[in-house]
Amino acid sequence: MLREILISLRTRCAPVFVRLGYRHAAVACVARAARCAAAWRAHQEATRTHILSAMAEVPDNRDTAVIMGSGPCLDLPMTELLARFARVILVDVAHPPAALRLTRQHSAIELMERDLTGVAALLTDSAQTTLPQPACNAFVEEAGVGLVVSANLVSQLPLVPLRQAAKRWPDTDLATYAKAIVTAHLDHLRAFNCPTLLIGDVQRRVIAPDGQVTEMEDPLFGAELPAGEQEWDWTVAPVGELSNGWSIVNRVRALRIDQAGKNGPAFTVSHRSG
Ligand SMILES: C[S@@+](CC[C@H](N)C(=O)[O-])C[C@H]1O[C@@H](n2cnc3c(N)ncnc32)[C@H](O)[C@@H]1O
C-alpha cells in the first residue's frame, strides 16, 4: 500500500485525468505488473519483438517515434528505439515513475500527457451537455514521424469514458459508445504514413479453477480489427492474482495498420502462453 502511494505521488498526470481515475489505474497497473512479472514476461517480449520488426521498415529520413499508451514502458525496446530515433515521443494520460526516470536519462524522450480518445476532459466539463464523440489526430501533422506504436492500449481506451458516460448520460448505449472509441483510435492510426503497429487485446477469457473458460469477452465491443501478423495469449491475471484459483487470459494481436488490406504479412496464430 505504501509502495502504491509512493508510485502515485511520483506519477505525472494532469488533475483532470486524476479526477477521472487514470492515475489510480496507472498505479494499479504498475503494481500488478510487479506482482505478475513472470506471467507477463513473454507477452512483453513478444510486443518488443513486433516493435523491432516494424522499426526495420522505417524510412531512413524519419527521426521520430510516437508510442501511444507508453505507461511504465515495460513492453518497449527502449535501447533500440533510442539508438534509431532522435525523438521518442511517449504519449499517455499518466506517466509512472519508470517513464519519468527514462526521460531524465535520455534527452531524446519527450513525455506527452494526452488523452487519445479525445473525450476524457469533455466528460467532466459541466459546459458539455451532450455525450462527446471520440476523435483524435494527435501527432498526425508532426514532422519526421517514422514509427507509430499503439502499445497495449486499445482495449483500455473505452474504460474510463464508459464509466463517466454511464454516470452523466445514463441513457447512453455503452457498447456502441465503446465501439466508437475503438474505431476512432483505428482511424487515428490509419492517418499516419509510416509503419504503424497496433498491439492489443482482442479477447478476454475468464478461467475457473478447473480450467473451464466461464466467460469470453470482446474487449473491443465489436469494433473491426484487421487480421494481424501474430496472436498470442497473455496471462494477465495468473492463478494467485485472483481469489480461489481463478485466472484471466487475454488474447493479444499484433497488426500493422499501414499494411492492413494491402497484402500484409500472412496471419499466423501462436499458441504460446505467457
Ligand atoms: C495496459 S497499459 C500498457 C502500458 C505500457 N504499454 C506497458 O505495457 O508498459 C495501458 C496504458 O494505456 C493508457 N491509457 C488508457 N487510456 C488512455 C487514453 N485515453 N489516452 C492515453 N493513454 C491511455 C494507460 O494510462 C496505460 O498506461
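Going by the structure above, here's the rest.
Since the model is a prediction, treat every value here as computed from it, not as a measurement.

Along its length, the chain carries nine helices and nine strands. The C-alpha atoms of the chain give 18 Å as radius of gyration, which agrees with the globular expectation for 274 residues (19 Å, within 12%). Taken over the C-alpha atoms alone, the chain extends approximately 50 × 50 × 40 Å along its principal axes. Taken across its 274 residues, the chain has 39% of its residues classed as buried. Restricting the contact set of the chain to residue pairs at least 6 apart, pairs at least 24 apart contribute 70%.

Turning to the nonpolar core, a few remarks are in order. Counting 66 residues, the largest nonpolar core has Tyr22, Ala65, Val66, Ile67, Met68, Val88 and Val149 as its most contacted members. Beyond its immediate chain neighbours, meaning those up to four positions away, Met68 contacts Val91, Leu116, Val149, Ser150, Ala151 and Leu153.

This part covers the environment of Leu220. Within the secondary structure, Leu220 is located in the loop between β6 (213-217) and β7 (230-237). With 24 C-beta atoms packed within 10 Å, Leu220 lands in the buried category. A sequence separation of 213 residues divides Leu220 from Ile7, and the C-alpha atoms of the two residues are 29 Å apart. Not counting residues up to four positions away in its chain, the partners in contact with Leu220 are Val154, Ser155, Val182, Val202 and Leu225.

Here we take up helix α3 (residues 22-35). Taking 1.5 Å of rise per residue, the 14 residues of α3 would be expected to cover 20 Å, and the 20 Å separating its terminal C-alpha atoms lies within 8% of that figure. Considered for burial, the residues of α3 that qualify are Tyr22, Arg23, Ala26, Val27 and Val30. For α3, the arc enclosing every buried residue in end-on projection is 140°, short of the 170-degree limit, so these residues lie on one face. Buried-residue contacts for α3 involve α1 (2-9), α2 (15-20) and α8 (159-168).

Turning our eyes to something else, we now look at the pairing of β7. β7 sits mainly inside the fold: six of its eight residues count as buried. Taken together, the six bridges between β7 and strand β8 (residues 247-256) define a ladder with antiparallel strand orientation. Of the residues in β8, the one forming a bridge with Trp234 is Asn250.

With that settled, consider the site of the ligand. Neighbouring the ligand are 22 residues, the closest being Gly69, Gly71, Leu74, Leu116 and Ala151. Top contributing element to the shell around the ligand by residue count: α3, with three residues. Grouping the constituent residues of the shell around the ligand by class yields 13 nonpolar, six polar and three charged.

Below, the discussion takes up the packing of α8 against helix α9 (residues 174-190). For the pair α8 and α9, the least separation of the axes is 10 Å and the interaxial angle reads 145°. The crossing of α8 and α9 is right-handed. Where α8 approaches α9, its residues Pro161, Leu162, Ala165 and Ala166 are matched on the opposing element by Leu174, Tyr177, Ala178 and Ile181. Each residue belonging to the contact of α8 with α9 can be placed in one class, and the counts come to eight nonpolar, no polar and no charged.

Its 17 residues place the ends of α9 24 Å apart at the C-alpha level, agreeing with the 24 Å of an ideal helix rising 1.5 Å per residue. Within the span of α9, buried status applies to Tyr177, Ala178, Ala180, Ile181, Val182, Ala184, His185, His188 and Leu189. Residues of α9 that are buried make contact with β4 (145-151), α8 and β5 (196-207).

Cut-off values and rules
Residues numbered from 1 in each chain as written. Predicted model: local features only at pLDDT ≥ 70, side-chain atom pairs only at ≥ 80, totals over all residues. Helix = DSSP H or I, 4+ residues; strand = E, 2+ residues; numbered from the N terminus. Rg over C-alpha atoms; globule rule 2.2 N^0.38 Å. Buried ≥ 20, exposed ≤ 12 C-beta atoms within 10 Å, placed from the backbone. Contact = placed C-beta atoms within 7 Å. Core = buried A, V, L, I, M, F, W, Y, C linked by C-beta atoms within 7 Å. Expected span 1.5 Å × (residues − 1). Arc of directions from axis to C-beta. Pairing = 2+ DSSP bridges. Near = placed C-beta within 6 Å. Nonpolar A, V, L, I, M, F, W, Y, C, P; charged D, E, K, R; others polar. Axes fitted to C-alpha atoms, helices over the stretch in contact; angles between N-to-C directions. Left-handed = near helix turned anticlockwise from the far one by under 90°.

Coordinates in, geometry out; function isn't part of it.
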